[in-house]
Amino acid sequence: MADIDIRSVRKAYGKNQVVHGVDLSIRSGEFVVVLGPSGCGKSTLLRMIAGLEAITAGEIAIAGDVVNNLEPRERGCAMVFQNYALYPHMTVAENIGYGLKVAGLSKPERTARVETVAKSLGLSEYLDRKPGQLSGGQRQRVAMGRAMIREPKVFLFDEPLSNLDAKLRVQMRIEIRKLHNRLGTTSVFVTHDQVEAMTLADRVVVMNGGHIEQVGTPEEIYRNPASRFVAGFIGSPPMNLFDGRVTGPGEVQAHGIVLSVPHAGLKPGRPVTIGIRPEEVVLGAAGSNVASIDVDFSEELGSVRLLHGQVAGADFVIQVPATTAGPKIGRFSFEVPARAVHLFDAETGNRIGTAASGARAAA
Amino acid sequence: MDRRAVYKTAWIGSLLLAPQLLLVFTFFYWPTGAALFWAFTLERPWGGGNEFAGLDNFRMVFSDTAYWGAVWRSMVFALGSTALAMGLALLFALFCDRQLRGYKAYQTMLIWPYAVAAPAAGVAFRFLFAPEAGIFAALNKIHPEFWNPSINGIHAMILIVVAYSWKYLAYNFIFFLAALQSIPRALVEASAMDGSGPLRRMWDIQLPLLAPTLFFLLVINITDSFVDSFGIIDLTTGGGPSKATTLMVYKIYFDGFKGLDYSGAAAQSIVLMLLVMGLTFVQFRFIERRVHYR
Ligand SMILES: Nc1ncnc2c1ncn2[C@@H]1O[C@H](COP(=O)(O)OP(=O)(O)OP(=O)(O)O)[C@@H](O)[C@H]1O
Ligand SMILES: [Mg+2]
C-alpha cells in the first residue's frame, strides 16, 4: 500500500500537449476513479504513473519516492489493460505466474501462489488453458490474477471492463470493489463510464481536455458539480443546461422563465448557465418557480419515465416515476425547487456557490 | 458468405484461365517434362535420338564422389546463409521495432538489397571482396593471404555466403519487422509491468510470438539457398577454387552446359527438386505443429 502524489504533471507528444498540469493526491488504500470523455488524457495519466509513458514535466511520487526516472518494474505497480493483454502463448497458470517467474521465485513457490490466486478468482479449473480458450469474463479474471499475484503497492486499471457485456460488467465491477475491500491496495481506475465511477470510487477525478475538472466523492460530484462540464457529464440523463442571466437578488431568468435561487450576492445582468437535474423537478406542482414543458415524446426505463420536450423553446428532460398517472404527451407544468437550481458562470463555466453548498472551484 | 463469382458457361472460365495455364505450362511443366525425359534416357553416342536408361543416370550421379562433395557444400551453404541472413535480419528488426534513432532511414536502406538483381549484387561483391583492392588489399599487406577467395576455398565459401545472405537479409527483415509490429504493444507493456527488462521481454514475449514467422522464413531460406544461389556463384567464384563453391545447383549447370552431360545434369535436377520438396514437406509436417501457440 502506498500513497501517490502527482504534482503539476504535464505530458506532450511533440508540440501537442495532452495533459496540462495535473495535481492530485491519492491516499494510501484509496480507490480513485479517473473519469472523462474519450481523448481527455486519462490513459496517458495512468500510463505515466505506471512508467509506460515518460513524464514531460512535473513529478509523480509513489509512497514518497519520486518515480519519474524509474522503470515500470521498479515502481511496484500492477496494471490491468483494457484488452487484458494476456500472453497468448502461455497457459493461464503461466500468465498469472509470469511476474513471479521474472522475480526469480522457485517453481513450487510459484505454483502454490498461482493456485491460491486462481482459487480466489474461480479460475482453478482453467489453469492449463490458453487465453484463446477462455471467455471474456475469464480472461478478465486472469488479467486480475496476474496483477494481484505480485502483491503490488498500487493497482492501475485502464478501462478493464469495457470489453465485457453489460451483465458481466456489473458483476466484475462488484468483484473488483470486493477485492479492493479485502486487499485494501491503493487503486487508480480509468473509465469513461460514469456508473462505474460512481459505484467503484472512494473519490472520482473528472478530467476534460487534459485538465482535472473536479475531485470529490461520488456524492459531491453529483450534488455539487464544480463546473458546467461536470454537470453535463455526470448524471443520466444529464443535467438540463441553458443560458440565462441574473435579473435581481436571488433571481435568474431564462427564456422568459423566472426562477428564484438561494445564491447570494449575484450581480444583476451577469450572464449565467442554469442547470436543473431532470430528476429534481416536481411535476404538476403549483407555487413559485413554475414553468411548463411541451412533451413530444416519453421514454420508459422500467422504474422511471423520461419526458422529452421543450421549455420556452429550449430542449428539456424531466424524469418522473414510471407509476405517474395521466397522459404521457402534452403540456405539463412543473416546479423547480430553489435548492435544485445550479448556476455556472457563463464565461468560465465554474460553479457559482451557494452559502450551503461549499463546492470546490474547478482545479 | 460465399461471394465467389460463378460462370455459367465453362468456356469463359477456361478463357480467363488460359494465359495463366500457358505460363505454368511453358515455364513449369514443359521444362520439368524435358528434365524427366533427359534423366531417364541416354543420348546415343553417335546421335540418332535417345534410348531409355532406367535409373542408370541416377546410379551414376550417386556413385560420384564429386556429387556428394557438392551436396555437403550445399548443406554448409544452406546453414551458413540461413543463420546469417535470419540472425542479422532479426537483430535489425528488433532495433527498428524499438524505434532506435534513425530507424526510418535504416528501414528503407534495408529493403533496397531485395530489389537488386543477383548479377548486379554478384559483381558488386566481387569487387568489394577482391583481394587486390580496397580494404582487403590493405589487410593482405599486413598479413599475406589473409583474404584470397580465388585460392582459398573457405574464403570463397564465406564470400558466396555473405553475398547471397545480403539479399535475403533484406527479405527476412521485412517479414520480421512486420511480424514484430503486429505484436500488440500492450503485451510487451504487460511484460514490463510484470517486471521484465527489454531482453527478457524479447525472449519471453516477442520471440515466441514470432515463431510462425521464424518457421516460415526458415523454410524459405533453406529451400531457396539450394536453388537461388546460382547467380551469385557464377559471378563471384564461378564454382571455384577447385570446386570449393560448386554447390548442387551450380554443378547441374556445369555438368549440363559445360560438360554437355544432359542426362547426368537432368538426373541431378530431379534429385534437387525432390530434395527441396521433401525438405518443405518435412518442415511443414513436423516442425510447424510445435510453433503454433493458439
Ligand atoms: N503515442 C501518442 N502520440 C501522440 N498522441 C497521443 C499518443 N497517445 C495518445 N495521444 C493523444 O493524447 C490524447 C489523450 O489520449 P489518452 O489515450 O490518454 O485518452 P483517453 O482519455 O484514455 O481516451 P479513451 O477513453 O479513448 O481511452 C489523445 O488526444 C490522443 O490522441
Ligand atoms: Mg484510454
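Only a predicted model underlies this, so the values are computations on that prediction, with no experimental measurement involved. (Residues numbered from 1 in each chain as written. Chains lettered and ligands numbered in written order. Predicted model: local features only at pLDDT ≥ 70, side-chain atom pairs only at ≥ 80, totals over all residues. Heavy atoms only, no water.)

Q: Teacher, can you tell me more about unusual backbone geometry here?
A: Leave glycine aside and you will find that most residues have negative phi; peptide bonds, for their part, are mostly trans. Residue and element names in this part refer to chain A. The linkage connecting S236 with the following residue, P237, adopts the cis geometry, with an omega of 0 degrees. Within the secondary structure, P237 is located in the loop between α8 (228-233) and β11 (240-248). Positive phi outside glycine occurs at A312, with the angle close to 50 degrees. If you trace the backbone, A312 turns up in the loop between β17 (304-311) and β18 (314-321). (Helix = DSSP H or I, 4+ residues; strand = E, 2+ residues; numbered from the N terminus.)

Q: Could you clarify how one ought to interpret the sheet that holds strand β1 (residues 4-13) of chain A in this entry?
A: The strands that make up a sheet pair up through hydrogen bonds in the backbone, lying either parallel or antiparallel. Residue and element names in this part refer to chain A. Strand order in the open sheet formed by 4 strands is β2-β1-β4-β5, with antiparallel pairing between adjacent strands. Looking at which strands have only one partner, the edges of the open sheet turn out to be β2 (16-26) and β5 (65-66). In this sheet, β2 lies alongside β1 in antiparallel orientation, the contact comprising 7 bridges. The partner of I6 across the bridge, within β2, is L24. Where helix α1 (residues 42-50) meets the sheet, its contacts fall on β1, β2 and β4 (57-62), and the angle it forms with β1 comes to roughly 115 degrees. (Pairing = 2+ DSSP bridges. Contact = heavy atoms within 4.5 Å. Axes fitted to C-alpha atoms, helices over the stretch in contact; angles between N-to-C directions.)

Q: What's the story with the state of the cysteines in this structure? I'm lost.
A: Under the definition given, this model contains 0 disulfides over all chains. Free of any disulfide, A:C77 has its nearest neighbouring cysteine sulfur in A:C40, separated by 20 Å. (Disulfide = S-S within 2.5 Å.)

Q: Help me understand the nonpolar core in this model?
A: Nonpolar side chains tend toward joint burial in soluble globular proteins. In this structure, A:I6, A:I60 and A:L156 are the most contacted members of the largest nonpolar core, which totals 82 residues. The element that contributes the greatest number of residues to this core is helix α7 (residues 153-181) of chain B, accounting for 14 residues. Apart from residues no more than four positions distant in its own chain, A:I60 is found in contact with A:I4, A:D5, A:I6, A:V9, A:M48, A:I49, A:I55, A:D65, A:V66, A:V67 and A:N68. Within the second largest apolar cluster, 43 residues are counted, among which are A:V92, A:L105, A:V117 and A:V142. (Core = buried A, V, L, I, M, F, W, Y, C linked by side-chain atoms within 4.5 Å. Buried < 20%, exposed > 50% of the residue type's maximum accessible area, 1.4 Å probe, protein only.)

Q: What am I meant to see in the domain arrangement of chain A here?
A: How big an interface is tends to be expressed through the accessible area that disappears when the partners come together. Residue and element names in this part refer to chain A. When the domains of chain A are assigned, the result is domain 1 (4-226) and domain 2 (229-345). When each unit is reduced to the centre of its C-alpha atoms, the spacing between domain 1 and domain 2 is 38 Å. In this complex, domain 1 contributes 16 residues to the contact, which on the side of domain 2 involves 13 residues. Between domain 1 and domain 2 the total buried area reaches about 1,100 Å² when both faces are included, carbon and sulfur atoms providing 68% of it. (Domains from an automatic or database assignment. Buried area = accessible area lost by both parts, 1.4 Å probe.)

Q: How do you make sense of the pattern of salt bridges when you look at a structure like this?
A: Where charged atoms from two side chains of opposite charge approach closely, those side chains can pair. Inspection of every chain in the model, using the stated rule, returns 16 salt bridges over all chains. Put simply, A:E59 and A:R7 hold a salt bridge, and the shortest N to O gap is 2.5 Å. Taken as a pair, A:E59 in strand β4 and A:R7 in strand β1 lie far apart in primary sequence, 52 residues in all. The class for A:E59 is partly exposed, based on a relative accessible area of 31%. Of the residues examined, A:R7 reaches a relative accessible area of 34% and is grouped as partly exposed. Across the salt bridge formed by A:R331 and A:D294, the nearest N and O atoms sit 3.0 Å from each other. On the criterion of sequence distance, the pair formed by A:R331 in strand β19 (residues 330-335) and A:D294 in strand β16 (residues 290-300) is long-range, its members being 37 residues apart. You can call A:R331 exposed: its relative accessible area is 60%. Ionic contacts of the salt-bridge type, sharing partners, join the residues A:R47, A:E53, B:R185 and B:E189 into one network. (Salt bridge = Lys/Arg side-chain N within 4 Å of Asp/Glu carboxyl O.)

Q: What is the right way to read the site of ligand 1 from this model?
A: Residues and elements named next belong to chain A. In the vicinity of ligand 1, the residues found are Y13, V18, P37, S38, G39, C40, G41, K42, S43, T44 and E159. A distance of 2.5 Å separates an oxygen atom of ligand 1 from a polar side-chain atom of S38. G39 is positioned with one of its backbone polar atoms (N or O) 2.8 Å from an oxygen atom of ligand 1. For ligand 1, the accessible surface in isolation is 640 Å², of which the surrounding protein chains cover 59%. With 3 residues, the single largest contributor to the shell around ligand 1 is α1. Among the residues making up the shell around ligand 1, the classes are represented as 4 nonpolar, 5 polar and 2 charged. (Near = heavy atom within 4 Å. Polar contact = N/O pair within 3.5 Å; in protein donor to acceptor, adjacent residues only side chain to side chain. Areas by Shrake-Rupley, 256 points an atom, 1.4 Å probe, with all protein chains shown as cover. Nonpolar A, V, L, I, M, F, W, Y, C, P; charged D, E, K, R; others polar.)

Q: Just checking my understanding: could you explain the packing of aromatic side chains for this structure?
A: The relative placement of two aromatic rings is captured by the distance of their centres and the angle of their planes. The tally for this structure, following the rule as stated, stands at 18 aromatic pairs over all chains. For the pair B:Y250 and B:Y253, a centre-to-centre distance of 5.5 Å together with 50 degrees between the ring planes defines the contact as tilted. Taken together, the residues B:Y250 and B:Y253, both in helix α11 (residues 248-258) and 3 residues apart, mark about one turn of the helix. Its guanidinium or amino end placed over the ring of A:Y87, A:R146 lies 4.6 Å from that ring's centre, counting from NZ or CZ. Over the ring of A:Y222 we find A:R277, and its NZ or CZ is 4.2 Å from the ring centre. (Phe/Tyr/Trp six-rings, centres within 6.5 Å; stacked < 30°, edge-to-face > 60°. Lys NZ or Arg CZ within 6 Å of the ring centre and 35° of its normal.)

Q: Before we go on, may I ask you to explain the pairing of strand β12 (residues 251-254) of chain A in this structure?
A: Residues in a regular strand point their side chains to alternate faces of the sheet. All names here are of chain A. Only one face of β12 is buried, namely the one carrying V252 and A254, since none of E251 and Q253 on the opposite face is buried. Note that β12 and strand β13 (residues 257-260) share 4 bridges and pair antiparallel. Its bridge partner lying in β13, Q253 is registered against V258. Here β12 folds back onto β13, and the loop between the two strands holds 2 residues, one of which, H255, carries a positive phi near 50 degrees.

Q: Please clarify how the packing of helix α2 (residues 92-102) of chain A against helix α3 (residues 107-120) of chain A should be interpreted in this entry.
A: When two helices pack together, you describe them by how their axes are tilted relative to each other and by the distance separating the axes. Residues and elements named next belong to chain A. The contact between α2 and α3 brings their axes to 9 Å, and the two run at 130 degrees. Judged on the interaxial angle alone, α3 and α2 are oblique. Of the two possible hands of crossing, α2 and α3 adopt the one that is right-handed. Each of A93, I96, G97, L100 and K101 in α2 lies in contact with α3, whose residues at this interface are R110, R113, V114 and V117. (Parallel < 35°, antiparallel > 145°, perpendicular 65-115°, else oblique. Left-handed = near helix turned anticlockwise from the far one by under 90°.)

Q: Please explain the UniProt feature "transmembrane region" (unreviewed entry) in chain B as it appears in this structure.
A: All names here are of chain B. On the UniProt side, "transmembrane region" (unreviewed entry) is annotated at positions that read residues 21-40, 70-96, 108-129, 154-180, 201-220 and 265-287 here. Secondary structure across residues 70-96 comprises 100% helix and 0% strand; the distance between its end C-alpha atoms is 38 Å. Split by type, residues 108-129 is 68% helix and 0% strand. Its first and last C-alpha atoms lie 24 Å apart. (UniProt positions renumbered as here; feature names shortened; annotations may be inferred.)

Q: Would you mind showing me how to read the environment of A:G29 here?
A: Structurally, A:G29 is set in the loop between β2 and β3 (31-35). Here the alpha-carbon distance between A:G29 and A:S187, two residues 158 residues apart in the chain, equals 7.2 Å.

Q: Where do I start with the interface of chain A and chain B in this structure?
A: At the interface, 23 residues of chain A touch 20 residues of chain B. When chain A packs against chain B, the two sides together hide about 1,900 Å² of surface, and 61% of this comes from carbon and sulfur. On the chain A side of the contact with chain B, A:R73, A:H89 and A:Y98 bury the most area, a combined 29% of that side's loss. Here chain A and chain B share 2 salt bridges between them.

Q: Any chance you could explain the environment of A:K178 here in plain terms?
A: Within the secondary structure layout, A:K178 lies in helix α5 (residues 166-183). Counting along the chain gives 22 residues from A:K178 to A:L200, while the straight-line C-alpha distance between them is 9.7 Å.

Q: Would you explain the sheet that holds β3(A) in this entry?
A: All names here are of chain A. Strands sit in the order β6-β7-β8-β3-β9-β10 across an open sheet of 6 strands; the sheet is mixed. Edge positions in the open sheet fall to β6 (77-80) and β10 (211-216), since each of these has one partner strand only. Across the sheet, the mean angle from the axis of one strand to that of its neighbour is 20 degrees, orientation sign disregarded. Along the sheet face, α1 touches β3, β6, β7 (154-158), β8 (186-191) and β9 (203-208) and points at about 150 degrees away from the line of β7. Its contacts with the sheet place helix α4 (residues 136-148) against β6 and β7, and it is angled at close to 175 degrees to β6.

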